[in-house]
Amino acid sequence: FPRNLDPSGLAQYFLGSLAFFPDFINLLQGQDSATLFLFWTLGYWNLVRAREATAGIWLSLLLQKFQVVLPTLLVLVILRRWRVLSGFLAGGIVLLAISLALVGPSGIESYGRLIVEMSGWIERRGIYPSQMHNVRAQFYIWLYGQYPFLANLLTGLASLALLTLLVRVWKGEWRPGSARFGLKFSLLVTISLLVSPHLNLHDLSCLLLPGLLIGQVANEG
């Protein structure tokens, strides 16, 4: 993101990224969170260049982990960025067509049933809220053992409060490329991760994007 970055500066950014522990874990485990970082980055890059439909297509690929997509869609709908949403819809349709071609309607149905079943898995089969890094994990650790309903209620209320903050920050003038736009996009990525109901350590590698955008603003200030 920094302009006129020389090779030595690029190497520093690369090595600094590897020093970010979630990014290191992501590479070590061969997880797919790096692609989320790529799609958010390309979405932002195209928005800054006023290529809204293309940005929407890249953002649609976030459906790879659909639990992080809601805040992005919420912002786009409230701001009425129809060209971005049209690109997102087109990308989503293509992804659905590819999925149908690969697994057929029965595979899609089975996946839907699995998602519903997984929502009830707690501390088993890879679903460990106590080890997550999001809002859900905080209230789970504090309250779930004795007050599961209260823990879930407070998780929902805290997530709603963060989404309300996100909408409030984004409402107003749409100026891609400005420092304020970069900071708002940083908040979008951060809150998307925080309110996600399922988030592992390697998913935090996506926080590299907010870090780079905030760093750019600090350097230019």
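Residues numbered from 1 in each chain as written. Predicted model: local features only at pLDDT ≥ 70, side-chain atom pairs only at ≥ 80, totals over all residues. Heavy atoms only, no water.

A look at the packing of helix H7 (residues 135-144) against helix H8 (residues 148-170)
One can describe the packing of H7 onto H8 by two numbers: an axis separation of 9 Å at closest approach and a directional angle of 150 degrees. Accordingly, the angle class assigned to the pair H7 and H8 is roughly antiparallel. Crossing angle aside, the handedness with which H7 passes H8 is right-handed. Facing Val135, Arg136, Phe139, Leu143 and Tyr144 of H7, the residues of H8 in contact are Pro148, Leu150, Ala151, Asn152, Leu154, Thr155, Ala158, Ser159 and Leu162. (Axes fitted to C-alpha atoms, helices over the stretch in contact; angles between N-to-C directions. Helix = DSSP H or I, 4+ residues; strand = E, 2+ residues; numbered from the N terminus. Parallel < 35°, antiparallel > 145°, perpendicular 65-115°, else oblique. Left-handed = near helix turned anticlockwise from the far one by under 90°. Contact = heavy atoms within 4.5 Å.)

Quick word on a nonpolar patch on the surface
The grouping of Val94, Leu96, Ile98, Leu100, Leu102, Val103 and Ile108 at the surface amounts to a nonpolar patch, some 630 Å² of accessible area in total. Tracing the backbone shows Leu96 in helix H6 (residues 82-118). (Patch = residues over 30% accessible without salt bridge, like charges linked within 9 Å, V, L, I, M, F, W, Y side chains within 5 Å. Areas by Shrake-Rupley, 256 points an atom, 1.4 Å probe, with all protein chains shown as cover. Salt bridge = Lys/Arg side-chain N within 4 Å of Asp/Glu carboxyl O.)

Description of the packing of aromatic side chains
Inspection of every chain in the model, using the stated rule, returns 8 aromatic pairs. Look at Phe139 and Trp142: their rings are 5.6 Å apart centre to centre, the planes differ by 85 degrees, and that puts the pair in the edge-to-face class. One end of the pair is Phe139 and the other is Trp142, both in helix H7 and 3 residues apart, which spans about a single turn. Residue Phe139 is classed as buried on the basis of its relative accessible area, which comes to 15%. (Phe/Tyr/Trp six-rings, centres within 6.5 Å; stacked < 30°, edge-to-face > 60°. Buried < 20%, exposed > 50% of the residue type's maximum accessible area, 1.4 Å probe, protein only.)

Observations regarding the pattern of salt bridges
In total, this model carries 4 salt bridges according to the counting rule given. In this structure, Arg81 and Glu52 form a salt bridge, with 2.6 Å as the shortest nitrogen-oxygen distance. Of this pair, Arg81 sits in the loop between helix H5 (70-78) and H6 while Glu52 sits in helix H4 (residues 52-60), and the two are 29 residues apart along the sequence. For Lys65, the salt bridge identified is with Asp203, shortest N-O distance 2.6 Å. With Lys65 in the loop between H4 and H5 and Asp203 in the loop between helix H9 (179-195) and helix H10 (208-220), the pair connects residues that are 138 residues apart, well separated along the chain. Judged on exposure class, the residue Lys65 and its partner Asp203 are both buried.

Focus: helix H2 (residues 21-29)
Considered for burial, the residues of H2 that qualify are Pro22, Asp23, Ile25 and Asn26. Along the long axis of H2, the arc covered by the buried residues comes to 160 degrees, so they all point the same way. Those residues of H2 that are exposed and angled more than 90 degrees off the buried face are Leu27 and Leu28. Positive backbone phi, approximately 70 degrees, marks Gly30, located one or two places after H2. (Arc of directions from axis to C-beta.)

Thoughts on the side chain of Ser33
The residue Ser33 is located in helix H3 (residues 33-48) in this model. Beyond its immediate chain neighbours, meaning those up to four positions away, Ser33 contacts Asn26, Lys65, His202, Asp203, Ser205 and Cys206.

Side note on the packing of H4 against H6
One way to put it is that H4 packs onto H6 with a least axis distance of 6 Å and a crossing angle of 40 degrees. In terms of their interaxial angle, H4 and H6 are classed as oblique. Remark: the crossing between H4 and H6 carries right-handed chirality. Across from Glu52, Ala53, Gly56, Ile57, Leu59 and Ser60 in H4, the residues of H6 making contact are Arg83, Val84, Gly87, Phe88, Gly91, Gly92 and Leu95. Classifying every residue of the contact of H4 with H6 gives 6 nonpolar, 5 polar and 2 charged. (Nonpolar A, V, L, I, M, F, W, Y, C, P; charged D, E, K, R; others polar.)

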